[in-house]
Amino acid sequence: MNPAAFKALVLNELRLRSRRIGSLVCVLAVIVISWLVVADPAGGRAMMTMGKQRVAYESLTLAFGTATIAGMLMGLAGFYLVRGRTQEDLRSGTGGLLASAPVGNVLFLLARWCGAVLYLLSLMGALMLSVWVLHLVRGEGPLQPWVYLQTYLLVLTPTLMLAASVATLCDAWAPLMGKRGDLLFFMLWVAQFMFMPVTLSAAQPSLSGWQVFDISGLTSHIVRMSELLHVQHFSIGGSPFDSSLPVLPAPDGFWSLQLLALRLGSALLALLPLGLAVALFHRYSPDKVKARENGKLFALLAWVQHLLQPLSRAVNRLLPLCARWPGLAGQVAAETVVSLSVSPLALLLGAGVIVAGVASPAHRLGPVLCAAAVLWGILISDIAARDHQARALALTNVTLGGPRARYLRQWLASLVLGVIFSLPVLLRWSVEQPLLAAALLSGLIFLSAVASFLGQSTGSGRAYLSLFLFGFYLSVQTPKMAWFDPMGFNGSANATTVGSYLLIALALLAAGLGLNQRRHA
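1. Points about the overall build of the protein chain
Logical step 1: Along the backbone of the protein chain there are 24 helices and three strands.
Logical step 2: Against the compact-globule benchmark of 24 Å for 521 residues, the protein chain has a radius of gyration of 24 Å, which places it among compact chains.
Logical step 3: By its C-alpha atoms, the protein chain is 70 × 70 × 45 Å across when sized along the principal axes.
Logical step 4: When each of the 521 residues of the protein chain is scored for burial, the buried share is 52%.
Logical step 5: Restricting the contact set of the protein chain to residue pairs at least 6 apart, pairs at least 24 apart contribute 79%.
Logical step 6: Within the structure as shown, the protein chain displays about 22800 Å² of accessible surface, and the carbon and sulfur contribution to it stands at 70%.

2. With respect to empty space enclosed by the protein
Logical step 1: Applying the stated criterion across every chain, the model contains three cavities of 30 Å³ or more.
Logical step 2: Considering the residues around the largest cavity, the lining is formed by Arg17, Val82, Arg85, Thr86, Phe108, Leu109, Arg112, Ala167, Thr168, Asp171 and Phe281.
Logical step 3: For the lining of the largest cavity, the secondary structure elements donating two or more residues are α4 (85-92), α6 (105-138) and α7 (145-172).
Logical step 4: For the lining of the largest cavity, the per-class residue count stands at five nonpolar, two polar and four charged.

3. Some words on the side chain of Arg224
Logical step 1: Counting through the fold element by element, Arg224 comes out in helix α10 (residues 218-229).
Logical step 2: Residue contacts for Arg224: discarding those within four places in its chain leaves Gly253, Phe254, Ser256 and Leu259.

4. Considerations on the sheet that holds strand β1 (residues 45-50)
Strand pairs in the sheet, formed through backbone hydrogen bonds, run parallel or antiparallel to each other.
Logical step 1: Strand order across the open sheet formed by three strands is β2-β1-β3, with antiparallel pairing between neighbours. With one partner strand each, in any of the chains shown, β2 (53-54) and β3 (235-240) form the two edges of the open sheet.
Logical step 2: Of the strand pairs in this sheet, β1 and β3 are connected by four bridges, and their pairing is antiparallel. Paired with Arg45 across the bridge in β3 is Pro240.
Logical step 3: Helix α3 (residues 59-82) contacts β1 and β3 of the sheet and is inclined by roughly 100° relative to β1.

Here is what the cut-offs are and how they apply
- Residues numbered from 1 in each chain as written.
- Predicted model: local features only at pLDDT ≥ 70, side-chain atom pairs only at ≥ 80, totals over all residues.
- Heavy atoms only, no water.
- Helix = DSSP H or I, 4+ residues; strand = E, 2+ residues; numbered from the N terminus.
- Rg over C-alpha atoms; globule rule 2.2 N^0.38 Å.
- Buried < 20%, exposed > 50% of the residue type's maximum accessible area, 1.4 Å probe, protein only.
- Contact = heavy atoms within 4.5 Å.
- Areas by Shrake-Rupley, 256 points an atom, 1.4 Å probe, with all protein chains shown as cover.
- 1 Å grid on protein atoms, 1.4 Å probe; cavity = no way out; pocket = protein on both sides within 12 Å on 5 of 7 lines; lining within 4 Å.
- Points joined across faces, edges and corners; volume = space filled by probe spheres on them.
- Nonpolar A, V, L, I, M, F, W, Y, C, P; charged D, E, K, R; others polar.
- Pairing = 2+ DSSP bridges.
- Axes fitted to C-alpha atoms, helices over the stretch in contact; angles between N-to-C directions.

Structure follows, in structure tokens:
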């Protein structure tokens with residue numbers, strides 16, 4: 001191995017990934033979520049509770065809680081942030097140069113993996129520094145940097161290693177370069193939560209060797225904390241507590257030898273996809289990385305798409321009407337029609353959600369809106385990145401209105417699609433529960449602005465999709481926290497969150513317009 005070449009490749013990977021605007025947005029999102037989870041005890045909620053008692057905000061408590069939440073988010077978002085390098089190489093034309101470079105496959109992929117891991121660890125380092133500030137504000141007891149560093153490294157490193165390994169595999173093997181790889185990792189991320197019910201349902205949960213396969217460490221960490229607190233169940237994530245009961249101190253001796261061995265074993269298992277990547281690397285061979293249509297990745301999906309083609313053709317008949325509609329309104333209508341026509345399955349499911357919104361009783365509107373939100377969030381993830389992926393940025397820059405009009409129409413198209421899918425709920429809530437209707441509208445504006453900002457700035461829908469899916473999971477798991485209910489389907493949104501999300505949306509919209517105009521001027 002050439003150490004100089006290896007160092008140069010690693011630093012190059014680190015620089016390329018660190019310059020992405022999506023990195024900054026993701027770090028800010030993780031920081032905001034972590035600060036929200038560490039609720040102010042004065043409000044009657046605490047990050048970690050045992051029964052009706054809260055655990056003191058000492059270094060171990062804050063480090064453990066924020067690292068656990070960050071691991072869940074970065075375990076998903078980290079993959080989408082670091083993958084796609086091969087597609088970028090092919091798009092920019094550097095794939096041929098890299099294919100002929102005098103660097104072996106092992107060195108090349110190992111450098112990419114190391115660069116990805118260092119990049120993700122740097123994001124987590126920024127989070128840790130922000131939590132130190134939070135400790136100075138809400139902490140109880142001295143700030144212990146070594147406790148934070150130890151906890152973050154041991155909790156997060158195997159998770160981030162797995163995200164980097166699977167991303168490297170998806171970029172190294174052509175069949176996983178597209179949506180198939182995205183779906184594979186999302187299934188792996190969801191599967192990790194299957195360990196928890198099996199482990200925690202036991203009468204006396206205890207650490208065992210098979211927990212090494214839980215690379216996230218959720219089950220082993222919860223079991224270890226339960227042992228130290230001498231309880232079977234405890235809560236993380238803004239749970240209510242009884243202020244009249246004494247505050248529990250953070251336990252000592254969290255990292256036992258058995259737990260350290262489990263984390264080391266998980267880290268070694270996280271390297272397995274990297275080994276597969278080395279064996280399957282395509283080395284940018286044209287016959288192995290030729291473009292493929294996403295709709296043909298799965299035979300069943302291709303069959304469904306083919307079956308629904310008449311529906312797409314029917315929707316496309318609206319395009320001439322959009323062309324006769326002057327100004328930005330016609331452009332937004334055309335963008336909306338195109339989004340529906342390229343995904344007839346989403347159009348069909350959307351029609352079902354609309355019917356359910358009309359027919360469902362009032363107490364069932366929340367679940368209906370959940371379904372509509374998932375469908376809509378996935379559908380709009382690629383709208384703002386569509387021109388970049390089709391290499392049509394230069395063409396759209398010279399159309400009427402230029403980059404500014406493109407940004408506005410894509411944001412408005414995302415918003416219009418959200419209004420269409422949730423229209424029955426929005427209309428019924430505007431009469432029955434005006435505050436939830438306002439929350440739904442502000443949430444649609446906010447999420448559309450996030451999708452447009454990330455899609456335009458990163459050229460991909462993966463950053464937004466990962467944040468959206470994690471945010472949706474968090475909303476479902478914490479139905480009583482108003483800040484995690486941006487669309488109101490949990491019924492916990494309030495006037496403060498509605499106004500805040502609307503202000504954030506306007507700020508993102510202004511920032512995105514300015515950035516887009518400067519980049520394409």
